[in-house]
Amino acid sequence: MMEKLFAYGTLLSPKTQIFLINKTLYGLPDSLAGYRKTYHPIDGLKYPVAVRDPTCTLEGKVFDVTFDELRTFDAYEGEEFRRIKEHLKSGTLAWVYVR
C-alpha cells in the first residue's frame with residue numbers, strides 16, 4: 001500500500017531522495033493551507049520547516065511512497081519534526097512534516 005507524502009523542502013530534492021531511498025520520486029504540485037515555510041537551525045544549518053499560520057499557504061509536491069520509505073524519511077527528519085496527516089488543497093490526505 002502506498003502512502004501520500006507532502007514535501008516542501010529538502011525532500012523535494014532528487015539528490016536527497018537518491019541518498020535516502022536510492023531513487024527519485026515523481027510528485028504532483030499541491031499546497032497546504034494554514035501553514036508557511038520558515039527555517040530552523042539544526043547543527044549550524046538552516047532547514048525548511050512548516051509551521052501553522054492561518055494566513056498562509058505552503059506550496060510543495062505530493063508523492064506516493066511506501067511505508068518503508070516513509071520510515072526512512074522519519075529517521076532523516078529526526079526528532080525536530082513530527083509527521084501528521086493533513087488535507088491538501090487538492091483534497092488529498094497526506095503526511096507532512098511540521099514543527
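As the structure is a computational prediction, the values presented were derived from the model and not from experiment. (Residues numbered from 1 in each chain as written. Predicted model: local features only at pLDDT ≥ 70, side-chain atom pairs only at ≥ 80, totals over all residues. Heavy atoms only, no water.)

*Asks:* Mind showing me how you'd approach unusual backbone geometry here?
*Replies:* Apart from glycine, the bulk of residues carry a negative phi angle, and the bulk of peptide bonds sit in the trans form. Residue N22 is not a glycine yet carries a positive backbone phi of 60°. Examined against the element boundaries, N22 turns out to sit in the loop between α1 (14-21) and β2 (27-42). (Helix = DSSP H or I, 4+ residues; strand = E, 2+ residues; numbered from the N terminus.)

*Asks:* What am I meant to see in the side chain of H40 here?
*Replies:* For H40, the location among the structural elements is in strand β2. A polar contact is formed between the side chain of H40 and the side chain of E80, at a distance of 3.1 Å. With residues up to four places along the chain from it excluded, the contact list for H40 reads L45, K46, Y47, V49, E80 and R99. (Polar contact = N/O pair within 3.5 Å; in protein donor to acceptor, adjacent residues only side chain to side chain. Contact = heavy atoms within 4.5 Å.)

*Asks:* How should I be thinking about the pairing of strand β3 (residues 45-66) in this particular structure?
*Replies:* Residues in a regular strand project their side chains so that they alternate between the two faces of the sheet. Across six bridges, strand β1 (residues 2-7) lies against β3 in antiparallel orientation. Among the inter-strand pairings, M2 is bridged to a residue of β3, identified as T66. Bridge count between β2 and β3: 15 bridges; the pairing is antiparallel. Paired with T38 across the strands is V49, a residue of β3. Connecting β2 to the antiparallel partner β3 that follows it, the hairpin turn spans two residues, and D43 within it adopts a positive phi of roughly 55°. (Pairing = 2+ DSSP bridges.)

*Asks:* What should I look at first to understand the nonpolar core in this one?
*Replies:* Looking at soluble globular proteins, one finds that nonpolar side chains tend to be buried together. Counting residues in each nonpolar core, the largest one holds 27 residues, and the members touching the most others are L5, F6, F73 and Y97. Looking at this core element by element, the count peaks at six residues for β3. Excluding its chain neighbours within four sequence positions, the residues that come into contact with F73 are L5, L11, L20, I21, L25, V65 and Y97. (Core = buried A, V, L, I, M, F, W, Y, C linked by side-chain atoms within 4.5 Å. Buried < 20%, exposed > 50% of the residue type's maximum accessible area, 1.4 Å probe, protein only.)

*Asks:* Looking at this structure, I do not really get helix α2 (residues 67-77). What am I missing?
*Replies:* What sets the pattern is the α-helix's 3.6 residues per turn: residues three or four places apart point alike. Looking at α2, one finds that the buried residues are E69, L70, F73, D74 and E77. Buried residues along α2 cover an arc of 150° about the axis, so they all sit on one side. Exposed side of α2, more than 90 degrees from the buried face: D68 and A75 are the residues found there. Elements that come into contact with the buried residues of α2 comprise β1, α1, β3, β4 (82-87) and β5 (93-98). One or two steps after α2, the chain reaches G78, where phi turns positive at roughly 70°. (Arc of directions from axis to C-beta.)

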